[in-house]
Amino acid sequence: MINEKNLTFELSTKDTTYAFRVTPTGHLEHLHYGRKIHVPDNDALTEKHEFCDGNAVAYDEQNKNITLEDMNLEMSSYGKGDIREPFVVIRYPDGSVTSDFIYESFSVSKGKDVKIGELKDNKKSEINEKAEMIEGSGENKLPGSYGAEDEVSYLCIKLTERHTKIQLELHYYVYEKWNVITRSARLVNSSEEPIILKRLMSMQLDFPDTNFFMTTFNGEWAREMGKNTFPLKAGKHVNSSFTGTSSSRANPFVMLHKKNTDEDSGQCYGFNLVYSGNHYEAAEVSGFGKTRLVTGINPEGFEFALNPGEELEAPEAVMTFSAEGFNKMSRNMHGFIRNHIVRGKWKNKERPILINSWEAAYFNIDEKRLLSLAKKSREAGIELFVMDDGWFGERNDDTSSLGDWEENKKKLPGGIKSLSEKINDMGLEFGIWVEPEMINVNSNLYKEHPEWVMDIPGREHSEGRNQRLLDLGNEAVQEFVIESMTKVFSAGNIAYVKWDMNRNISDCYSKCLPFERQGEASHRYVLGLYRCMRELTKRFPDILFEGCSSGGNRFDLGILCYFPQIWASDNTDAYCRSIIQTNYSYGYPMNTLTSHVSGCPNHQTLRKTPLDTRFNVAAFGVFGYECNLCDMKSEEFEEVKNQVEMYKQWRKVLQLGDFYRGRTFDDTENVLEWTCVANDKTKAVGMIMQKLMVPNSPNERFFAKGLDPSQKYVFANNRRKYNIKEFGDLVNTVSPIHIKQDSLVHNLAAKFVKMDGEEEHYKIYGDVLMYSGIKLSQAFAGTGYNEKTRYFPDFGSRMYFVDRIDCDEEDE
């Protein structure tokens with residue numbers, strides 16, 4: 001809604017309102033973002049300024065009562081009194097950086113299709129097919145959200161720099177159903193002289209108060225998405241990456257919330273960025289008690305030269321608000337990402353169960369070994385076999401052959417074509433691993449094209465994982481990547497591609513740019529990456545692409561615009577993954593992250609966790625295995641077969657349902673709860689897990705979420721039998737003869753004697769499951785065990801299945 005009389009703009013979603021106005025000075029004053037309200041047509045929401053504040057700077061001679069430092073603004077820059085985090089910074093030919101952008105006009109439209117700010121007619125039936133075309137303008141093409149005319153409304157605000165006439169467009173897209181508003185900006189050099197753009201944010205949001213907490217998700221390789229919460233009382237808190245990627249160090253998804261906000265109550269804002277490079281999120285509390293958040297490309301090391309007539313697009317920022325805690329905020333984000341970021345054939349399609357060869361063989365692969373693993377995988381019911389690293393060039397370790405994308409005929413005598421056909425003949429689909437952005441010095445490609453590498457001529461290069469980056473800002477390199485990958489993807493019947501990227505950028509330098517434009521190198525790399533992904537997904541629309549970057553080093557919405565799923569972490573330890581996946585769930589739907597059952601001791605932690613817990617955790621993501629089934633004990637292999645069968649029965653709920661967090665692990669909480677609920681609330685899968693077994697703590701409840709409180713459900717577990725060896729020499733308390741641990745008698749007894757686990761089976765209403773909880777069977781507490789006792793050791797877990805009872809079933 002737009003009040004043209006007083007130039008007030010109201011953007012409304014189902015539950016939220018975002019409002020701002022044009023001030024008499026021509027600036028944009030932010031009025032409200034939060035719960036849905038009726039925006040008044042008077043000045044009740046505007047701040048009153050009669051006199052300039054203290055030693056603050058007055059805007060101009062005609063407005064000595066106005067200091068921009070003490071205003072809530074939609075955008076800002078340096079030089080006219082606002083000393084907080086700026087939205088845009090331009091260096092002009094005379095060396096000055098003062099900008100004063102003033103309102104010029106607005107335009108509105110419906111739908112979001114090909115270009116931001118250049119909307120075409122779009123039909124809902126065609127929007128997903130066209131979605132791969134969404135991009136920025138000119139050569140600077142960026143991915144973004146998309147939606148049909150009845151799904152998204154668009155507002156463009158045009159501003160003009162008062163003295164140079166440079167234009168700045170602020171773009172707002174409103175996704176009403178999902179309570180999401182996205183923002184971006186475009187700066188056009190409409191002046192007659194070249195300029196240097198030193199900063200262009202995607203979003204600026206000013207709050208009139210403080211006492212917020214900021215939650216960020218930080219970590220490292222194998223420790224992605226550590227949740228950290230900080231009070232914002234004074235000064236500035238920055239969450240950023242300078243790795244050339246969105247990074248495992250600081251994911252671009254952040255939250256602002258009040259102190260007492262929890263999963264199901266309290267105010268919470270969620271923010272993300274559709275970008276895969278260096279990003280920047282800064283929350284600053286001013287001396288006037290205001291809080292500002294900016295998000296966008298990291299300005300550190302960034303400069304972009306714009307000649308007259310040239311322009312630059314900022315990535316799209318995503319924001320949502322919930323007055324009902326973190327879970328509601330997450331569901332807003334999940335629904336938006338599933339429907340308006342992910343696109344293509346696999347958008348709403350159930351994903352296959354795969355096995356990846358990496359942890360089974362690492363580089364030591366050949367056709368015989370791969371076929372043996374594939375045969376065993378098919379026996380287990382697995383649907384997709386993935387050949388990981390080691391199949392090309394002289395790739396026997398990580399020191400050579402990246403860039404030489406030709407099959408190693410010693411390992412694969414018939415090449416990809418023959419292997420894929422043999423895998424297909426077994427009844428499995430075939431997938432492959434690639435790392436297109438990388439190059440080894442020990443490669444034929446490096447000998448032919450050393451100029452294609454990102455390194456600084458005449459200086460020693462700091463390598464990561466014995467490899468370097470190809471300069472994707474170079475159009476010739478982009479063409480090489482596109483054509484070499486086209487050849488690989490056409491070499492056989494390839495149904496799946498894992499696209500890896502195993503290092504950060506160092507010595508960032510592009511040999512195809514002059515010295516004065518090296519500040520553009522990192523951003524141009526990302527633009528080149530997007531061009532490669534856009535072209536290859538267009539050429540191969542049926543392939544299921546999965547992003548990977550040493551695990552979660554590039555887990556972001558930019559990648560999800562091209563690849564519907566991303567490998568969440570190289571760490572497959574079930575306990576670590578339970579925390580990592582919980583924290584991803586705050587900002588990303590669970591069917592965008594992949595998770596595998598691996599062997600034990602775990603290859604990253606050497607921890608031993610129960611096989612059923614490894615399955616229970618992995619099943620809530622896009623599911624697969626990463627272990628050597630050929631070496632697995634027959635008892636464990638039978639358990640894997642049962643897991644696969646069970647997952648197929650509940651796959652639709654787990655992959656396409658709504659995810660809810662219950663209790664989560666922290667310093668005081670030993671229990672984790674997840675629930676995934678079908679969209680129509682007829683089915684659900686729940687999971688409870690504990691960290692360490694607490695002695696003499698037999699009682700526990702499971703609380704579901706997201707069910708229909710008025711409907712009746714069957715609640716049940718999958719009853720199991722346990723190996724008597726899990727109980728150690730306690731077996732001697734019931735055995736008529738003494739059994740020595742790990743003796744022949746012990747192993748023989750374990751083969752034939754199993755301990756029955758507990759059974760949970762209730763017909764119960766959804767309100768009981770959610771608000772009172774199911775009181776589970778007593779856990780083993782050292783005083784006895786029978787078939788009604790819950791075996792729940794360290795890292796123990798249970799999966800529960802919830803199915804709505806139809807009226808006729810109830811009558812029976």
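Only a predicted model underlies this, so the values are computations on that prediction, with no experimental measurement involved. (Residues numbered from 1 in each chain as written. Predicted model: local features only at pLDDT ≥ 70, side-chain atom pairs only at ≥ 80, totals over all residues. Heavy atoms only, no water.)

1. Re the overall build of the chain
Then, number 1: In terms of regular secondary structure, the chain is built from 15 helices and 40 strands.
Then, number 2: Seen through its principal axes, the chain has C-alpha atoms that stretch 100 × 65 × 45 Å.
Then, number 3: Looking at the 812 residues of the chain, the share that counts as buried comes to 61%.
Then, number 4: Side-chain charges in the chain split into 99 positive and 122 negative, and the spacing between the mean points of these groups amounts to 3 Å. (Helix = DSSP H or I, 4+ residues; strand = E, 2+ residues; numbered from the N terminus. Buried < 20%, exposed > 50% of the residue type's maximum accessible area, 1.4 Å probe, protein only. Lys, Arg positive; Asp, Glu negative; His and termini not counted. Charge placed at Lys NZ, Arg CZ, Asp CG, Glu CD.)

2. Re the environment of Tyr 175
Then, number 1: In this structure, Tyr 175 sits in strand β8 (residues 167–175).
Then, number 2: In this structure Tyr 175 comes out as buried when scored by relative accessible area, which is 1%.
Then, number 3: Spatially, the C-alpha atom of Tyr 175 lies 7.8 Å from that of Phe 336, the residues being 161 residues apart in sequence.
Then, number 4: Those residues in contact with Tyr 175 that sit more than four places away from it in its chain are Thr 13, Lys 112, Ser 145, Tyr 146, Gly 147, Glu 151, Val 152, Val 180, Thr 182, Phe 336 and His 340. (Contact = heavy atoms within 4.5 Å.)

3. Considerations on the pattern of salt bridges
Then, number 1: According to the stated counting rule, one finds 53 salt bridges in the structure shown.
Then, number 2: Salt-bridge contacts for Asp 70 lead to Lys 290; the nearest nitrogen and oxygen are separated by 2.6 Å. Of this pair, Asp 70 sits in the loop between β4 (28–35) and β5 (88–91) while Lys 290 sits in the loop between β16 (279–285) and β17 (291–297), placing them 220 residues apart in sequence. With respect to burial, Asp 70 and Lys 290 carry one shared label: buried. (Salt bridge = Lys/Arg side-chain N within 4 Å of Asp/Glu carboxyl O.)

4. Thoughts on a nonpolar patch on the surface
Then, number 1: A surface patch of nonpolar side chains, amounting to about 320 Å² of accessible area, comprises Leu 748, Phe 752 and Val 753.
Then, number 2: Tracing the chain through its elements places Phe 752 in helix α13 (residues 744–752). (Patch = residues over 30% accessible without salt bridge, like charges linked within 9 Å, V, L, I, M, F, W, Y side chains within 5 Å. Areas by Shrake-Rupley, 256 points an atom, 1.4 Å probe, with all protein chains shown as cover.)

5. Focus on the nonpolar core
Then, number 1: One finds Leu 187, Trp 391 and Tyr 625 to be the most contacted residues of the largest nonpolar core, which totals 188 residues.
Then, number 2: Among the elements that take part in this core, helix α8 (residues 521–539) stands out by supplying nine residues, more than any other.
Then, number 3: Those residues in contact with Tyr 625 that sit more than four places away from it in its chain are Ile 353, Leu 354, Ile 355, Asn 356, Ile 382, His 596, Val 597, Phe 615, Val 640, Gln 643 and Val 644.
Then, number 4: With 19 residues, the next largest nonpolar core counts Val 677, Leu 769, Ile 774 and Ala 779 among its residues. (Core = buried A, V, L, I, M, F, W, Y, C linked by side-chain atoms within 4.5 Å.)

6. Structural notes on the packing of helix α4 (residues 367–380) against helix α12 (residues 634–656)
Then, number 1: Interhelical geometry of α4 versus α12 gives an angle of 60 degrees and a closest axis separation of 8 Å. Of the possible angle classes, the one that applies to α4 and α12 is oblique. In this structure, α4 uses Lys 376, Glu 379 and Ala 380 to contact α12, whose residues at the interface are Phe 637, Val 640, Lys 641 and Val 644.
Then, number 2: Here the residues of the contact of α4 with α12 sort into four nonpolar, no polar and three charged. (Axes fitted to C-alpha atoms, helices over the stretch in contact; angles between N-to-C directions. Parallel < 35°, antiparallel > 145°, perpendicular 65-115°, else oblique. Nonpolar A, V, L, I, M, F, W, Y, C, P; charged D, E, K, R; others polar.)

7. Observations concerning the sheet that holds strand β29 (residues 593–598)
Then, number 1: One closed barrel holds the eight strands; their spatial order is β21-β22-β23-β26-β27-β28-β29-β30, and the pairing between them is parallel. Taking each pair of neighbouring strands and ignoring which way they run, the sheet shows an average axis angle of 30 degrees.
Then, number 2: For strand β27 (residues 544–547) and strand β28 (residues 565–567), the ladder comprises two bridges, and the chain directions are parallel. Along β28, the bridge assignment pairs Gly 547 with Ile 566.
Then, number 3: Running at roughly 140 degrees to strand β23 (residues 429–434), helix α5 (residues 415–425) makes contact with β22 (384–387), β23 and β26 (494–499) of the sheet. (Pairing = 2+ DSSP bridges.)

8. Re α5
Then, number 1: Looking only at α5, the buried set comprises Gly 415, Ile 416, Ser 418, Leu 419, Ser 420 and Ile 423.
Then, number 2: Buried residues along α5 sit against α4, β22, β23, α7 (475–489) and β26.
Then, number 3: Once α5 ends, the next one or two residues include Gly 427, with phi positive near 95 degrees.

9. Remarks on the environment of Tyr 625
Then, number 1: With respect to the helices, strands and loops of the structure, Tyr 625 is situated in strand β30 (residues 622–626).
Then, number 2: Since its relative accessible area comes to 0%, Tyr 625 is described here as buried.
Then, number 3: When the C-alpha atoms of Tyr 625 and Leu 31 are compared, they prove to be 51 Å apart, with 594 residues separating the residues in sequence.

10. A short note on the packing of aromatic side chains
Then, number 1: Scanning all chains against the criterion turns up 51 aromatic pairs.
Then, number 2: Ring centres of Phe 9 and Phe 20 lie 5.1 Å apart, and the angle between their planes is 20 degrees; on these two criteria the pair is classed as stacked. Of this pair, Phe 9 sits in strand β2 (residues 8–12) while Phe 20 sits in strand β3 (residues 16–22); the two residues are 11 residues apart in sequence, bridging distant segments of the chain. Each member of the pair, Phe 9 as well as Phe 20, is classed as buried.
Then, number 3: Measuring from centroid to centroid gives 5.0 Å for Phe 623 and Tyr 625, while their planes differ by 70 degrees, and the two rings are edge-to-face.
Then, number 4: Put simply, the rings of Phe 9, Tyr 18, Phe 20, Tyr 33, Tyr 103, Phe 106, Tyr 172, Phe 207, Phe 212, Tyr 269, Phe 271 and Phe 321 touch in pairs and so form one group of aromatic residues.
Then, number 5: A cation over an aromatic ring shows up here: Arg 577 above the ring of Trp 567, its NZ or CZ 4.7 Å from the ring centre.
Then, number 6: It is Arg 790 that lies over the ring of Phe 792; its NZ or CZ is 4.8 Å from the centre. (Phe/Tyr/Trp six-rings, centres within 6.5 Å; stacked < 30°, edge-to-face > 60°. Lys NZ or Arg CZ within 6 Å of the ring centre and 35° of its normal.)

11. Some thoughts on the side chain of Glu 367
Then, number 1: As for its placement among the helices and strands, Glu 367 is situated in helix α4.
Then, number 2: Among the polar contacts listed, one links the side chain of Glu 367 to the side chain of Lys 422, at a separation of 2.7 Å.
Then, number 3: Non-local contacts of Glu 367, meaning those with residues more than four positions away in its chain, are made with Lys 411, Leu 412, Pro 413, Gly 414, Ser 418, Leu 419 and Lys 422. (Polar contact = N/O pair within 3.5 Å; in protein donor to acceptor, adjacent residues only side chain to side chain.)

12. Regarding the sheet that holds β3
Each strand in a sheet pairs with another by means of backbone hydrogen bonds, the pair being arranged parallel or else antiparallel.
Then, number 1: Here four strands make up an open sheet; going across it, the order is β1-β2-β3-β4 and the pairing antiparallel. One side of each edge strand has no neighbouring strand; the edge strands of this open sheet are β1 (2–3) and β4.
Then, number 2: Pairing analysis gives seven bridges linking β3 to β4, with the strands arranged antiparallel. Within β4, the position partnered with Tyr 18 by the bridge is Tyr 33.

13. Focus: unusual backbone geometry
Then, number 1: Here the amide bond leading from Cys 600 into Pro 601 is cis, since omega sits at 0 degrees, within 30 degrees of zero.
Then, number 2: Within the chain, Asn 179 stands out as a residue other than glycine whose phi angle is a positive 55 degrees.
Then, number 3: With respect to the helices, strands and loops of the structure, Asn 179 is situated in the loop between β8 and β9 (180–188).
Then, number 4: Look at Ser 247: it is not a glycine, yet its phi comes out positive at around 85 degrees.
Then, number 5: Position of Ser 247 relative to the elements: it lies in the loop between β13 (235–240) and β14 (254–257).

14. Some remarks on the confidence of the model for the chain
Close inspection of predicted coordinates is inappropriate in any region flagged by low pLDDT.
Then, number 1: In the predicted model, the chain carries a mean pLDDT of 94, and 96% of its residues have values of at least 70.
Then, number 2: Counting interchain partners and residues more than four positions distant, the pLDDT-below-50 stretch residues 114–138 has 70 contacts. (pLDDT = per-residue confidence, 0-100.)

15. Focus: the packing of α4 against α5
Then, number 1: The N-to-C vectors of α4 and α5 enclose an angle of 20 degrees; their axes lie 10 Å apart at closest approach. If you check the angle between α4 and α5, you find them roughly parallel. Two packed elements cross with a definite hand, and for α4 against α5 that hand is right-handed. Of the residues in α5, those touching α4 at Glu 367, Leu 370, Leu 371 and Ala 374 are Ser 418, Leu 419, Lys 422 and Ile 423. (Left-handed = near helix turned anticlockwise from the far one by under 90°.)

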